[in-house]
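Take a look at the letters that make up each chain.
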Amino acid sequence: MATAIRAIGHEDRLSLVDHLDELRSRLIVSAVALAIAFGFCLWQNHALLHLINAPLSKQTQKQVEKGNGPLGQTGLAQQGVLKVAHDTQAIARALSARGSGLSAVTRAQLAAEIPRLRADVAKIPKVPEGNKPVTLGIGEPFTTTITVTLLFALVISLPVILFELYGFVLPAFSPRERRIAMPLLAAIPFLFVIGVLFGYFVVLPAALRFFQNFNSGEFNVLVQANPYYKFVATILLAMGMVFQVPVAILAATRVGIVTPKQLRHNRRYAILACAAVAAFLPGDAVTLILETVPLYVLYEVSILIASLVARRDATRARAEAALAGMTATKGTDEPPGGGTAGPGGVGGSPSSPTGDPPQPAGGPPQPAGTPPADADDGVERSVKQIIDHIDHELS
């Protein structure tokens, strides 16, 4: 289990048994996280069902107010009963008054019935309870609840599952490949959550409004639970995947398939592609626009990010080339013997009359026009600092 927590380096060498043991440990951690999230979601299943039923409830309520379908007819009947009940209360109050001409006993009996009539009227619902999905089978409420609970549990435990997946895969990447892959992998769940939220608050209400109102006067519209939840899951998952466009474009530019210049040149084709993708998603013309605009915005943001990353890569490549050229020049300028040839011998300095080389107080003499050694070291350190700064920015 410890291997599922500690990070494994790229230089570590593991056997097949060690890899399988690490995979088992990470699967156990992911399963435990999913089980805990499932227990929490099952405990709060009423709140989750209310959350996912809210868009349908709003559209159904509009149909009820128009009097369409069986729910609309039920709503009209309830409104009629409420009106009759209020009129009956007004008549009872008028007859129980002293000036009504009835006897005192009759007026007392009517006055005693008014509170009970008011209590009975309060029990009549003002809105028909039909704005929820319909279940037809005996076990369908249970299976549907478990399905919705499992989907929410998977979404909640997704960060832990992705963390374990990344921890198992990333050791195979070199440090340079990891610098490229880590921002992309970290952006996937973030963009997925944004896409799901956009689908829930923007796309799903528009799609339900179109489908619920389309030719609704010719049908008795009752929404079944399983098809409705499949429809919602399809839209939310599709929008979550659509919002991965920046990751796909940035990955394509990093591996050299396309360049930011080519992406800018092909903007018109990108607009057609965004409209084609949005056309495959359910909805009407308004929904098509609501889905096409964010897709194109994501495309432009992807071009901007790819351009910035390309500039950083080019700066880093120039710095590395300068450092490599400086190192090569320094290596060729230094003689094999470690010094300059002089008249006193190869690779040495002129000898003193006693046979010992002279030792000036200021150190060995430097040839004219030769820069000090510490100057080259300072430039090399500066270039290394630039490369380290670029690596830090890329990571």
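From a predicted model like this one, the values you see are computed outputs, not experimental measurements.

(A) Quick look at the overall build of the chain. Per the secondary structure count, the chain includes 13 helices and 0 strands. The secondary structure elements of the chain, listed N-terminal to C-terminal, are α-α-α-α-α-α-α-α-α-α-α-α-α. Of all 395 residues assigned to the chain, the portion counted as buried reaches 28%. Once local pairs closer than 6 in sequence are excluded, the contacts in the chain between residues at least 24 apart make up 75%. Per element, the accessible surface of the chain, about 24,900 Å² overall, is 68% carbon and sulfur.

(B) Broad picture of the nonpolar core. Grouped together as the largest cluster of nonpolar side chains are 22 residues, with contacts concentrated most on Leu 204, Tyr 228, Tyr 229, Val 232 and Ile 235. The set of elements that each furnish at least two residues to this core consists of helix H2 (45-66), helix H7 (175-213), helix H8 (225-242) and helix H12 (285-333). Considering every element that reaches this core, the biggest residue donor is H8, with 8 residues. Contacts of Tyr 229, omitting those with residues within four sequence positions, involve Leu 49, Ile 52, Asn 53, Pro 133, Thr 144 and Val 148. Counting 6 residues, the second largest nonpolar core, distinct from the first, contains Leu 184, Leu 191, Val 247 and Leu 250.

(C) Quick look at the confidence of the model for the chain. For the chain, per-residue confidence averages 75 on the pLDDT scale, and residues scoring 70 or more make up 74% of the total. Taken element by element, the chain is modelled with least confidence in helix H13 (residues 373-394), mean pLDDT 58, and with most confidence in helix H5 (residues 140-156), mean pLDDT 90. Counting contacts from residues 366-371, a segment whose pLDDT is below 50, to residues more than four positions away or on other chains yields 1 contact.

(D) Looking closely at the pattern of salt bridges. Applying the stated criterion to the full structure yields 6 salt bridges. For the salt bridge of Arg 24 with Asp 21, the shortest nitrogen-to-oxygen distance reads 2.6 Å. Here the residue Arg 24 and the residue Asp 21 both occupy positions in helix H1 (residues 16-43), the gap between them amounting to 3 residues, near one helical turn. Residue Glu 113 pairs with Arg 116 through a salt bridge whose shortest N-O separation is 2.8 Å. Of this pair, Glu 113 and Arg 116 both sit in helix H4 (residues 104-122), separated by 3 residues, roughly a single helical turn. Given a relative accessible area of 41%, Glu 113 falls into the partly exposed group. Here Arg 116 falls in the partly exposed class, since its relative accessible area comes to 49%. Via salt bridges that share partners, Glu 22, Arg 26 and Glu 164 belong to a single interconnected network.

(E) Local environment of H1. With 28 residues, H1 extends 41 Å between its outermost C-alpha atoms, agreeing within 8% with the 40 Å of an ideal straight helix rising 1.5 Å per residue. All of the buried residues along H1 are Glu 22, Ser 25, Arg 26, Ser 30, Ala 33, Ala 37 and Cys 41.

(F) Fine view of H4. Given a rise of 1.5 Å per residue, 19 residues ought to cover 27 Å, and the 28 Å separating the end C-alpha atoms of H4 matches this to within 8%. Where H4 bends most, at Ile 114, the angle is about 25°, and the proline Pro 115 comes one to four residues later.

(G) Here's a closer look at the packing of H5 against helix H6 (residues 158-169). Interaxial distance between H5 and H6 falls to 4 Å at its minimum, and their mutual angle equals 50°. Judged by the angle between their axes, H5 and H6 are oblique. The segment H5 lies against H6, with Leu 154, Val 155 and Ile 156 engaging Leu 158, Pro 159 and Ile 161. A per-class count over the contact of H5 with H6 returns 6 nonpolar, no polar and no charged.

(H) The side chain of Gln 244, seen in detail. With respect to the helices and strands, Gln 244 occurs in the loop between H8 and helix H9 (245-254). Contact partners of Gln 244, with chain neighbours within four places excluded, come to Ile 188, Leu 191 and Phe 192.

(I) Seen up close, the environment of Leu 56. The topology assignment puts Leu 56 in helix H2. The spacing of Leu 56 and Lys 132 is 76 residues in sequence and 7.4 Å in space, taken between C-alpha atoms.

(J) Representation of the packing of aromatic side chains. The full count for this structure, using the stated rule, is 7 aromatic pairs. Look at Phe 40 and Trp 43: their rings are 5.9 Å apart centre to centre, the planes differ by 65°, and that puts the pair in the edge-to-face class. Of this pair, Phe 40 and Trp 43 both sit in helix H1, 3 residues apart, which is roughly one turn of that helix. Ring pairing ties together the aromatic residues Phe 210, Phe 211 and Phe 231, which thus form one cluster.

Reading the values: the criteria
- Residues numbered from 1 in each chain as written.
- Predicted model: local features only at pLDDT ≥ 70, side-chain atom pairs only at ≥ 80, totals over all residues.
- Heavy atoms only, no water.
- Helix = DSSP H or I, 4+ residues; strand = E, 2+ residues; numbered from the N terminus.
- Buried < 20%, exposed > 50% of the residue type's maximum accessible area, 1.4 Å probe, protein only.
- Contact = heavy atoms within 4.5 Å.
- Areas by Shrake-Rupley, 256 points an atom, 1.4 Å probe, with all protein chains shown as cover.
- Core = buried A, V, L, I, M, F, W, Y, C linked by side-chain atoms within 4.5 Å.
- pLDDT = per-residue confidence, 0-100.
- Salt bridge = Lys/Arg side-chain N within 4 Å of Asp/Glu carboxyl O.
- Expected span 1.5 Å × (residues − 1).
- Bend = angle between axes of the 7 residues up to and from the residue.
- Axes fitted to C-alpha atoms, helices over the stretch in contact; angles between N-to-C directions.
- Parallel < 35°, antiparallel > 145°, perpendicular 65-115°, else oblique.
- Nonpolar A, V, L, I, M, F, W, Y, C, P; charged D, E, K, R; others polar.
- Phe/Tyr/Trp six-rings, centres within 6.5 Å; stacked < 30°, edge-to-face > 60°.

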